[in-house]
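# Close look at the chain arrangement
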Amino acid sequence: MWALTALFLLVQSSGQAATLEKPILSLHPPWTTIFKGERVTLRCDGYHPVLLELRPINTLWYLGHLLLPSHKKSIEVQTPGIYRCQTRGAPVSDPIHLSVSNDWLILQVPYAAVFEGEPLVMRCRGWYDKVVYKLHYYHDDQAVRYFHSSTNYTVLQARASDSGRYQCSGTMRIPVESAPMFSSKVAVTVQELFQTPVLRVMRPQEIRGAAHRGVVLRCETRLHPQKRDTPLQFAFYKYSRAVRRFDWGSEYLVPEPEVEEVEAYWCEAATATRSVRKRSPWLQLPGPGSLLDQASTTAPAPQAAASAPGNKPLSFRKPPVSRSVQSVTSVPNATLAGLQFPGGSAPTVESPACAPPKLLEQSAGALKPNVDLLLQEMQLLKGLLSRVVLELKEPQVLPEFKGTPETPTSHFALSRGTPETTPVESITDT
């Protein structure tokens, strides 16, 4: 009887071996960096079938590619390297990298992955637990926190932006206070708890239960394999208005009257405590007669306005009415305001900026004589002013001008021809 029971359990366990999950490797205390000479404990926890009661299942330990002689469930180690474990019939566990330091100051971070929304704890530790004073924590070479003495640095709800390289600095009394010392930099990566959700229209064959009149939307995301049991809640929005607040359902039924309009929707996925919240891109619902499976768009995350197909913003206003005056084109032998113009000479109303180049050349030619006339006038005025200045300085030089209040003036021709000027006779001293 016992032989048959053992055989039955053996067959049952062989069938379960193919579906066994890899064991979980843990570190105690949970810091990946230790001082030289210290020891830590590694523990391998995995699924063990009922056969374990009849025949012990050994645990295999690996340091790099080297197989360790121990077969216990937990071991103590002090050698740096990458550790893994494996139970019989199961895959190899995820690795743990153990570092050993001989510095005065080390920064200790958790061995386990830190996910979004979880606390991130770091510890700046002095040589064999000596107190660290004037303690600074740095994130990517930027100081983020200061403590008077040894204190852990905690990020209550980690975000992806908290990933990076961390470092700490401080002083120790050995026996007098030392100069500031710095730890080695440690890389920290905050894992994504779940992917950015995507809102899509469900096909008729995907809808369970009775047929619905309207469109069914589903907010889809994917949890990290290590956090697949984390419950999520979902909310749905039409533009900036919430049409269904957070609950456990990932589907939303759009009423039929709303489907006839062109509307944009988006959804939001969050944990039960709202420590992690992520929004989906816009989903543009089709109009009547459109295919539902072509309604999704790849517009950016929702902000203040929706994005229509083709990444063009939706407009809720009437298009502006153009107030520009259209140009009037000349028509040969046409009558304008009751006047008859000769053929090809009807007036045109156009913008000066659009005038043809020939008209501009003609205007420049007409202005040239006027410019020459102005230059000649300026030359004559310059000569008269110089004579007045000379008279004021030496009145005896020009005696004939005394008693004559008149001042010589210039006369210019007003015709369009070449301008003529009245010659001014030179005055010589007698």
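An account of the accompanying structure is given in this report. Computed from a predicted model, the values in this text were never measured in an experiment.

What follows is about the state of the cysteines. By the definition in use, this model includes three disulfides. Paired by a disulfide, Cys44 and Cys85 hold their sulfur atoms 2.1 Å apart. Classification of the bridge connecting Cys44 and Cys85 rests on its S-S torsion, roughly 75°, and on that basis the disulfide is right-handed. With Cys44 in strand β3 (residues 40-45) and Cys85 in strand β7 (residues 81-87), this pair connects stretches of sequence that are 41 residues apart. As far as the burial class goes, Cys44 and Cys85 line up, both buried.

We now examine a nonpolar patch on the surface. On the surface, Val371, Leu374, Leu375 and Met378 cluster together into a nonpolar patch covering about 380 Å² of accessible area. Mapped onto the elements of the fold, Leu374 is located in helix α3 (residues 357-393). A relative accessible area of 48% places Leu374 in the partly exposed class.

Turning next to the nonpolar core. In terms of nonpolar packing, the biggest core is built from 21 residues, with Leu107, Leu120, Met122, Leu135, Tyr137, Tyr166 and Cys168 touching the most fellow members. Counting residues per element, the ones that place at least two in this core are β9 (105-108), β11 (120-126), β12 (133-139), β14 (153-155), β15 (164-171) and β17 (186-188). Tallying contributions element by element places β11 first for this core, with three residues. Sequence-distant contacts of Leu135, that is, excluding residues within four places in its chain, are made with Cys124, Arg145, Tyr146, Phe147, His148, Ser149, Ser150, Thr151, Cys168 and Ser169. Core analysis: the next-biggest nonpolar cluster, separate from the first, contains 19 residues, Leu232, Phe234, Tyr265 and Leu283 among them.

Read from one edge to the other, the open sheet built from three strands follows the order β1-β3-β6, with strand pairing classed as antiparallel. For this open sheet the edge positions go to β1 (24-28) and β6 (74-77), each flanked by a neighbour on one side alone. Across this sheet, the average inter-strand angle for adjacent strands is 25°, counted without regard to direction.

Right, let's talk about unusual backbone geometry for a bit. Of note, the bond from His28 into Pro29 is cis; its omega dihedral lies within 30 degrees of zero at -10°. Position of Pro29 among the secondary structure elements: in the loop between β1 and β2 (33-35). Cis geometry is found at the peptide bond from Ile174 to Pro175, where omega equals -15°. Considering the arrangement of structural elements, one finds Pro175 in the loop between β15 and β16 (181-182). Although it is not a glycine, Asp129 adopts a positive phi angle of roughly 65°. Along the polypeptide, Asp129 turns up in the loop between β11 and β12. Despite not being glycine, Lys134 shows a phi value in the positive range, around 50°. As for its position among the elements, Lys134 is in strand β12. Take Lys134: its relative accessible area is 44%, and that puts it in the partly exposed class.

Our next topic: the pairing of β7. Buried residues dominate β7, accounting for five of its seven residues. By the bridge criterion, five bridges tie strand β4 (residues 59-63) to β7 in an arrangement that is antiparallel. Each bridged residue has a counterpart across the sheet, and for Tyr62 the counterpart in β7 is Arg84. Sheet analysis places β7 next to strand β8 (residues 96-101), joined by three bridges and oriented antiparallel. In the sheet register, Ile82 faces β8, and the bridge partner there is His97.

Under the definition given, this model contains 18 salt bridges. Here Lys22 ties to Asp94 by a salt bridge, and the two come within 2.7 Å at their closest N and O atoms. Of this pair, Lys22 sits in the loop between α1 (2-17) and β1 while Asp94 sits in the loop between β7 and β8, and the two are 72 residues apart along the sequence. Exposure remark for Lys22: the relative accessible area of 40% places this residue in the partly exposed category. Where salt bridges share partners, they join Glu38, Arg123, Arg125 and Asp129 into one cluster.

Calculation criteria
Residues numbered from 1 in each chain as written. Predicted model: local features only at pLDDT ≥ 70, side-chain atom pairs only at ≥ 80, totals over all residues. Heavy atoms only, no water. Disulfide = S-S within 2.5 Å. Helix = DSSP H or I, 4+ residues; strand = E, 2+ residues; numbered from the N terminus. Buried < 20%, exposed > 50% of the residue type's maximum accessible area, 1.4 Å probe, protein only. Patch = residues over 30% accessible without salt bridge, like charges linked within 9 Å, V, L, I, M, F, W, Y side chains within 5 Å. Areas by Shrake-Rupley, 256 points an atom, 1.4 Å probe, with all protein chains shown as cover. Salt bridge = Lys/Arg side-chain N within 4 Å of Asp/Glu carboxyl O. Core = buried A, V, L, I, M, F, W, Y, C linked by side-chain atoms within 4.5 Å. Contact = heavy atoms within 4.5 Å. Pairing = 2+ DSSP bridges. Axes fitted to C-alpha atoms, helices over the stretch in contact; angles between N-to-C directions.

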